[in-house]
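Per-entry structural report
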Amino acid sequence: MRMSQLLAPTLRETPGEAEIPSHQLLLRAGMMRKTAAGMYTYLPLGWRVLRKIMEIIREEMDAKGGQELLMSIVQPAELWRETGRWDEYGEEMFRLKDRNGREFCLGPTHEELITALVRADVRSYRQLPLLLYQIANKYRDEIRPRFGVIRGREFIMKDLYSFDRDEAGLDQSYWKMYDAYTRIFRRVGLTTRAVEADSGAIGGDVTHEFMVLAEAGEAAVVYCTSCDYAANTEKAESVAPAPAGPGSAVPPFEPVATPNVRTLDELTRFLGVAPDRVVKTLIYEADGQPVAAVVRGDHELNEVKLKRVLGATTLTMAGAAVVERVTGAPVGFAGPVGLKGVRIIADPWALAVEDAVAGGNAVDTHLRHVQPGRDWQADVVADIRTVTAGEPCPRCGGTLASARGIEVGQIFKLGTKYSQALGATYLDEQGQARPIVMGCYGIGVSRTMAAIIEQHHDDHGIIWPVSVAPYHVIIVPVMYEDKQQREAAEQLYEELSAAGVEVVLDDRDERAGVKFKDADLLGFPLRITIGPKALKEGQVELKSRDGRMEERVPLDATVQRVVAWIEDNTPQA
Ligand code: 9G3
């Protein structure tokens, strides 16, 4: 490819709306352009990278027995009604009608479609296990698309669905995919950690997210610095404390006037008590029922964990009126002592706070010397707090660290949630009809491209791993107009192309500095400079974009040297 022909409209300036490196660089390197909020057109360089990522994914999916197919993007509402999910997802679902007024959605995911397909065409245990996947656009009408393709409204996903006879079969498919994901991310040059996550609405119980640790990440992850435990903070387990003693020395609880003292800060300052001596009570509505969640003052309630413990479909903070009705006091004075008619869910750490301060369930009133067990009990005791860095690892006791993560892949054990709902069964050896046991496995392909840039860039631009680079090599003649340099460049261009190297020739009539700047911005792994001095000695200069290799080689040894370098620097599984 010649730079004079390549459509790669580079930008000198960083576009205002791009806040993170990958979004800035995808735009500045002329790899993509915004169509609308959260929707992108991939220009030639961007599409070449995506195709390479997809090819690596295909190789690894096929190696595990995956069969690629392509499903409709437009999905009929009927299927989503059968699983009850048509109404479960609100605004996020892109809905549309056809000319006859029939309802459809732009596919945000394909559990319904693929299960309906299997329901129709799979009848016997002999046909299982079955691993079916596609790579195509998905649509989710994010309320706040941001960070370019990292949180887009239209994005490319590989989604594979596994169909097995039983849980044991699903377990095999699940760990096959886990292994394939580990290989894929290593091959595209990404350092990822598989973290335990909460499977949320999708159903099932076991799920892992493949996270790229990066500041730009939207997910909060904690990981152990001593063992390989890692978890999304929605799931990360807190190590339970020793239960409180009898506390017989604690005087009876007593009310204390705390006029207008509503927040934790005001309370700790007003009473001169440390936050970890306070129990905090938050009133929620779970599926419309009020519940009181109690955590230690300095801890953060984790709503995903609370929702899971309650098995609730909807969980919202109770409004002032409900708080008033349930506690008898305005917001800010809720406490567990004497709280009637509402379920109390307590984090174990809240039940370990002796001689505590708690809301008094009366306006401008708190209680002190509150003793757990003696003065209040919980209906349910469960880990409902968000784990933080510095805490002990629940697996090995080591110390947990926290990080932000970009989720590039997620694998789920679905069980029979969809096969039951849609009647996808198979006849086992005894001729008994049994529900097919499913799993689903996604990779954000466009998000993976962005994550690679997040992990591989510097101030000058992108540093593509060889395995996904849009081209392997760029030839930069200092002066293309100079006859010697042009001839050497053209000859090298021919020979490298003939050797199967993906090469760009910068044949533009531009100053050398501009060409070098663009070569660094676009991030080609290897640059061959053809300059007058070296050429006099029949040599050219090789420089790798990651700065680890810089050599002068004779013109006639260049092809061999470049092919060897590409071989040595392509990330293996
Ligand atoms: C929807 C909308 C948004 C959604 C979903 C459905 C996320 C939805 C979860 C999954 C689970 C896995 C297969 C590939 C890997 C992920 N957001 N999820 O089901 F209608 Cl609007 O998609 N699906």
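What comes next concerns the included structure. (Residues numbered from 1 in each chain as written. Predicted model: local features only at pLDDT ≥ 70, side-chain atom pairs only at ≥ 80, totals over all residues. Heavy atoms only, no water.)

Once that is clear, we can look at the sheet that holds strand S18 (residues 356-362). Judged by pairing direction, the sheet is antiparallel, and its three strands sit side by side in the order S13-S19-S18 without closing on themselves. This sheet does not close on itself; its edge strands, each paired only once, are strand S13 (254-257) and S18. Neighbouring strand axes in the sheet, compared pairwise and without regard to direction, differ in orientation by 40° on average. Inspection of the sheet shows S18 paired to strand S19 (residues 365-370) by four bridges, in the antiparallel sense. (Pairing = 2+ DSSP bridges. Helix = DSSP H or I, 4+ residues; strand = E, 2+ residues; numbered from the N terminus. Axes fitted to C-alpha atoms, helices over the stretch in contact; angles between N-to-C directions.)

Once that is clear, we can look at the packing of aromatic side chains. When we look at a pair of aromatic rings, we describe it by the centre distance and by the angle of the planes. Using the criterion set out here, one finds nine aromatic pairs in the structure. Arranged with centres 6.0 Å apart and planes meeting at 85°, the rings of Tyr181 and Phe185 form a pair that is edge-to-face. Pair noted here: Tyr181 and Phe185 are both in helix H5 (residues 167-187), with a separation of four residues, about one helical turn. Judged by relative accessible area, Tyr181 falls into the buried class, the value being 0%. Judged by relative accessible area, which is 0%, Phe185 ranks as buried. (Phe/Tyr/Trp six-rings, centres within 6.5 Å; stacked < 30°, edge-to-face > 60°. Buried < 20%, exposed > 50% of the residue type's maximum accessible area, 1.4 Å probe, protein only.)

Right, let's talk about the environment of Glu551 for a bit. Relative to the helices and strands, Glu551 is located in strand S31 (residues 550-554). Note on Glu551: relative accessible area 25%, which makes it partly exposed. Each C-alpha atom, one on Glu551 and one on Glu103, is 62 Å from the other, the two residues being 448 residues apart in sequence. Separated by 2.8 Å, the side chains of Glu551 and Arg561 make a polar contact. (Polar contact = N/O pair within 3.5 Å; in protein donor to acceptor, adjacent residues only side chain to side chain.)

What follows is about the pattern of salt bridges. As enumerated under the stated definition, the model contains 39 salt bridges in all. Put simply, Arg548 and Asp546 hold a salt bridge, and the shortest N to O gap is 3.0 Å. Classification of Arg548 by relative accessible area gives exposed; the value is 67%. For Glu551, the salt bridge is made with Arg561, and the minimal N-O distance between the two is 2.8 Å. With Glu551 in strand S31 and Arg561 in helix H14 (residues 558-568), this pair connects stretches of sequence that are ten residues apart. On the basis of relative accessibility, which here comes to 26%, the residue Arg561 falls in the partly exposed class. Ionic contacts of the salt-bridge type, sharing partners, join the residues Arg12, Asp506, Arg508 and Asp518 into one network. (Salt bridge = Lys/Arg side-chain N within 4 Å of Asp/Glu carboxyl O.)

Before going further, it helps to spend a moment on the pairing of strand S14 (residues 279-286). With eight bridges joining them, S14 and strand S15 (residues 289-296) adopt antiparallel strand pairing. Directly across from Tyr284, in S15, lies its bridge partner Val291. Hairpin geometry of S14 and S15 is characterised by an intervening segment of two residues between the two adjacent antiparallel strands and by a positive phi of about 50° at Asp287. Examined bridge by bridge, S14 and strand S16 (residues 315-317) share three bridges and lie antiparallel to one another. Residue pairing for S16: Ala286 is matched across the bridge by Leu315.

The full set close to the ligand counts 16 residues, and Arg85, Pro108, Thr109, Glu111 and Arg140 are the nearest of them. For the ligand, a nitrogen atom lies 2.6 Å from a polar atom in the side chain of Glu111. Starting from 510 Å² of accessible surface for the ligand in isolation, the protein chains cover 91%. Taken together, the elements giving at least two residues each to the shell around the ligand come down to strand S8 (154-164) and strand S24 (437-444). In terms of residue count, S8 provides more of the shell around the ligand than any other element does, three residues in total. Classifying every residue of the shell around the ligand by side-chain character gives nine nonpolar, two polar and five charged. (Near = heavy atom within 4 Å. Areas by Shrake-Rupley, 256 points an atom, 1.4 Å probe, with all protein chains shown as cover. Nonpolar A, V, L, I, M, F, W, Y, C, P; charged D, E, K, R; others polar.)

For the rest of this paragraph, the subject is the nonpolar core. If you look at the biggest cluster of nonpolar residues, it comprises 67 residues, and the most contacted ones within it are Met31, Met61, Tyr181, Met449 and Trp464. When residues of this core are assigned to domains, at least three fall in each of domain 1 (21-186 + 415-453) and domain 3 (471-569). Contacts of Trp464, omitting those with residues within four sequence positions, involve Met31, Val49, Met449, Ile452, Ile453, Ala469, Pro470, Leu522, Gly523 and Pro525. The next biggest cluster of nonpolar side chains, apart from the first, holds 27 residues, and it includes Leu79, Ile114, Ala116 and Val118. (Core = buried A, V, L, I, M, F, W, Y, C linked by side-chain atoms within 4.5 Å. Domains from an automatic or database assignment. Contact = heavy atoms within 4.5 Å.)

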